[in-house]
Amino acid sequence: MYAIVCFDRPDSAALRDAHRAAHMDFLEKNSNKIVYGGPLKGRADGPSTGAIIVLDCATREAAEAFIASDPFQRAGVYESVAVRAFKQVFPRQ
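The structure presented is a predicted model; accordingly, all values stated were derived computationally and were not measured. (Residues numbered from 1 in each chain as written. Predicted model: local features only at pLDDT ≥ 70, side-chain atom pairs only at ≥ 80, totals over all residues. Heavy atoms only, no water.)

Q: Before we go on, may I ask you to explain unusual backbone geometry in this structure?
A: Peptide bonds are trans in most cases, and residues, glycine excluded, mostly fall at negative phi. With an omega of -10°, the peptide bond running from Phe90 to Pro91 counts as cis. Along the chain, Pro91 falls in the segment after β4 (78-85). Notably, Asp11 is not glycine yet its phi reads approximately 60°, a positive angle. Overall, the relative accessible area of 82% leaves Asp11 in the exposed class. (Helix = DSSP H or I, 4+ residues; strand = E, 2+ residues; numbered from the N terminus. Buried < 20%, exposed > 50% of the residue type's maximum accessible area, 1.4 Å probe, protein only.)

Q: Help me understand helix α2 (residues 60-69), please; the structure alone is not making it clear to me.
A: For the α-helix, the turn length of 3.6 residues means that residues three or four positions removed from each other point alike. Of all the residues in α2, the buried ones are Ala63, Phe66 and Ile67. Looking down the long axis of α2, one finds its buried residues gathered within 90° of arc, a one-sided arrangement. Buried-residue contacts for α2 involve β1 (2-8), α1 (13-29), β2 (34-41), β3 (48-55), α3 (71-75) and β4. (Arc of directions from axis to C-beta. Contact = heavy atoms within 4.5 Å.)

Q: So what exactly am I meant to see when it comes to the packing of aromatic side chains here?
A: Working definition: an aromatic ring pair is given by the centre-to-centre distance plus the angle between the planes. In this structure the tally under the stated criterion is two aromatic pairs. Ring centres 4.9 Å apart and planes at 45° place the aromatic pair Phe26 and Phe66 in the tilted group. With Phe26 in helix α1 and Phe66 in helix α2, this residue pair connects regions lying 40 residues apart in the sequence. Phe66 sits in the buried class, given a relative accessible area of 5%. Summarising the aromatic geometry, the rings of Phe72 and Tyr78 are spaced 6.0 Å apart at their centres and angled 85° between planes, so their arrangement reads as edge-to-face. The pair Phe72 / Tyr78 is uniform in exposure class, with both members buried. (Phe/Tyr/Trp six-rings, centres within 6.5 Å; stacked < 30°, edge-to-face > 60°.)

This is the structure in structure tokens:
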């Protein structure tokens, strides 16, 4: 498994909104690979400021290819993206 942590560019809300439908379609089409994911927020009721996605994939290259294909990444919504190997401990499987 791999965790992908993305942080939005400052003032990218309009860009995020413009590409949200394509991003959600991409996630839905790849839902078989996604263990869980969702937006990061500065506060619970605030705007999105990034995302965390945990993927069930065998290699870092596969995780990097996944995020490179995300419409938010292609459109420049994300300022930075980190891909790290992830070991699920909780909840216990």
